[in-house]
Each structure stands twice: as structure tokens, then as C-alpha cells.
Amino acid sequence: MHGSPISEVDNYTRALLLFPIYLLLRTISFSRNELINVFAFCIIFSFLLFQFGGNEFYHGERFQGSSSTPLTYGNMLMTLVLLLIVTINTSINFCFFLKIIVITAGIFLVFQTGTKGSIVGLIITLPVILFLNKKLILPIIVIIFMSIILAFLTPFSKRVANFAEAFGTIDLNNLTHSTDVNFAVNERLYYYQFSLETIKKNFVFGIGPHMFKNKLQDKINKEKLDINISDHAHNE
């Protein structure tokens, strides 16, 4: 309707585009243990990639693995971690400890990607998992304990400290100008504010996924704002 390029359409409707593939493959079945093994091996191979892959698998200081961005890789890893958590057998045996080690490795890799949203997802999801299955209280306590230790042993703790420092300097009533300290956080908050205003003005038909950058640039130029232009709202 808005003449959006196929790359943008794919980005926001990928689930619909993949639905025919699901219909073709839905007759193929996997056992629970097969899926658990696949999830575990994915994390193990990711850890090997982290150890021996070299600098080409980094975006600056952030590990991005085989993905195009650290954010995407961090979210994929956290999905595997959560799937493994809900499948933990609460019996204390070799498999229990092996799965805890793999989950810990997965969380370590998420910290290496520096993806804060993935950790927020973990914090929100763990109480829900515990509410649905109270037998998982011991492994969840172990996972929380290991996560706290890993947070201080990886560059993630520095990212959180920088985020807290930046947020403390932001004037929520005036997001139109950024500083060297808070520009990353401030600009994202401004993108969210601009997005909400755009939704209110174009509630029914929208503006098209490819027009965000153009509309944002028009406003920044018109009002002479000290905000860098982005092609998306950073709302992952």
C-alpha cells in the first residue's frame, strides 16, 4: 500500500512469509529429547565459535556470532537458553549438571553480545517459568546465581553501568538534544516518542516501514534537533 520495498515487507511480515514452509514441514516430527539436544548443540557450537572464531565474528567489542548483528544473535541465544530451562529434569544427576553448564554457557554468550534486551527478557521470564513449574526453583536459583557472577566477569557490567550513567543525565521532558554521555539512550527514547506521535497521526494506514527515516529526518531538520537519524525505531 505504501510502496514499501520487499526487504522492509520481509522484515515485518516474516512469520506470514514463512507460513507456507511450516505447512510443508509440519508432518515432520521430532522427539522432545531430539529438540533438547539440538538446542544444546547450538549453544555448544556458538561457544566454540566464540573461542576460536576470530575477530570477524565481532561488531566492535560485541560478539555477534554467525548473525548480522549482536542484538539478533543475543536474542537467538536467549531463546535457546529459555527453551533449555523449561526442559530441565529436576532430578540431580549428570544430565542435570550438564544442562546447567550449557545454559550457563548460553547466558555467558548473551552477555558477550552486550544485548540488554535479552537479559531483560530473562529477568521477566524466569518468574513466569517458576510460577508454571515450581519444581524448577533449584535450577533457577543456580542460573540466577551464575548469571550474576557472569555479569561482573564480562563486558556486560560496563554496558549496564554506562546505561545507568547515561539515563541519569537525561531530561525526560526534553529529549531533543543529546550529549556525548547519553546520546545512545536519549536518541532511542526520542525515537520511541516520535514513533508514538506518528502512530497517533497515522493510526489507520500508517506511513510504511520504509518511511520512518525520511519522516524522522524531516522533523530533525525542520526543528534543528541534535539527534542522529536512524532508519528504524530501535524497538526490538
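Criteria and thresholds
- Residues numbered from 1 in each chain as written.
- Predicted model: local features only at pLDDT ≥ 70, side-chain atom pairs only at ≥ 80, totals over all residues.
- Heavy atoms only, no water.
- Core = buried A, V, L, I, M, F, W, Y, C linked by side-chain atoms within 4.5 Å.
- Buried < 20%, exposed > 50% of the residue type's maximum accessible area, 1.4 Å probe, protein only.
- Helix = DSSP H or I, 4+ residues; strand = E, 2+ residues; numbered from the N terminus.
- Contact = heavy atoms within 4.5 Å.
- Axes fitted to C-alpha atoms, helices over the stretch in contact; angles between N-to-C directions.
- Left-handed = near helix turned anticlockwise from the far one by under 90°.
- Nonpolar A, V, L, I, M, F, W, Y, C, P; charged D, E, K, R; others polar.
- Polar contact = N/O pair within 3.5 Å; in protein donor to acceptor, adjacent residues only side chain to side chain.
- Phe/Tyr/Trp six-rings, centres within 6.5 Å; stacked < 30°, edge-to-face > 60°.
- Expected span 1.5 Å × (residues − 1).
- Arc of directions from axis to C-beta.

(A) Just the nonpolar core, in detail. Ranked by internal contacts, the top residues of the largest apolar core, which has 35 residues, are Ile85, Ile103 and Ile107. Here this core takes 10 residues from helix H4 (residues 94-113), the largest share from any one element. Aside from chain neighbours lying at most four places away, what touches Ile85 is Ile103, Leu122, Leu126, Ile129, Leu136 and Ile143.

(B) Broad picture of the packing of H4 against helix H6 (residues 137-153). At a closest axis distance of 10 Å, the pairing of H4 and H6 adopts a crossing angle of 35°. As for how H4 packs across H6, the hand of that crossing is right-handed. The residues of H6 that touch H4, namely those facing Phe96, Ile100, Ile103, Thr104, Ile107, Phe108 and Phe111, are Pro139, Val142, Ile143, Met146, Ser147, Leu150 and Ala151. Here the residues of the contact of H4 with H6 sort into 12 nonpolar, two polar and no charged.

(C) Molecular detail of the environment of Thr115. Looking at the secondary structure, you find Thr115 in the loop between H4 and helix H5 (116-132). For Thr115, a relative accessible area of 4% translates into the label buried. With 45 residues separating them along the chain, Thr115 and Pro70 place their C-alpha atoms 6.9 Å apart. Here the side chain of Thr115 touches Pro70 through a polar contact of 3.2 Å, landing on its backbone oxygen.

(D) Quick look at the packing of aromatic side chains. All chains considered together, the criterion is met by 10 aromatic pairs. A ring pair is formed by Phe47 and Phe50, whose centres lie 6.3 Å apart and whose planes are at 40°; its orientation type is tilted. Of this pair, Phe47 and Phe50 both sit in helix H2 (residues 32-52), three residues apart, which is roughly one turn of the helix. The class of Phe47 is partly exposed, set by a relative accessible area of 29%. One aromatic cluster is present, built from ring pairs that chain together Phe47, Phe50, Tyr58, Phe63, Tyr73 and Phe108.

(E) H4, seen in detail. Its 20 residues give H4 an end-to-end C-alpha distance of 29 Å, which sits within 8% of 28 Å, the value for a rise of 1.5 Å per residue. Burial within H4 is extensive, with 15 of its 20 residues counted as buried. For H4, the capping residue at the N-terminal end is Asn93, with a side-chain oxygen 3.2 Å from the backbone nitrogen of Cys95. At the exit of H4 stands Gly114, carrying a positive phi of roughly 70°.

(F) Spatial organisation of the side chain of Thr154. Within the fold, Thr154 resides in the loop between H6 and helix H7 (156-168). A polar side-chain atom of Thr154 sits 2.9 Å from the main-chain carbonyl oxygen of Leu150. Beyond its immediate chain neighbours, meaning those up to four positions away, Thr154 contacts Phe108, Phe111 and Gln112.

(G) Focus on the environment of Ile149. Considering the arrangement of structural elements, one finds Ile149 in helix H6. Exposure remark for Ile149: the relative accessible area of 34% places this residue in the partly exposed category. Between the C-alpha atoms of Ile149 and Phe108, which are 41 residues apart in sequence, the distance is 9.8 Å.

(H) Representation of the side chain of Gln64 within the structure. In this structure, Gln64 sits in the loop between strand S2 (62-63) and helix H3 (70-86). Beyond its immediate sequence surroundings of up to four residues, Gln64 is in contact with Glu56, Phe57, Tyr58, His59, Thr69, Pro70 and Tyr73.

(I) Up close: helix H9 (residues 212-223). For H9, which comprises 12 residues, the first-to-last C-alpha distance of 17 Å matches the rise-based estimate of 16 Å (1.5 Å per residue) to within 8%. By the burial criterion, the buried members of H9 are Phe212, Leu216, Lys219 and Ile220. The buried residues of H9 all sit within an arc of 100° when viewed along its axis, so they share a single face. Summarising the geometry of H9, the exposed residues directed more than 90 degrees from the buried face are Asp218 and Lys222. Just downstream of H9 lies Lys224, where phi reads positive at about 55°.

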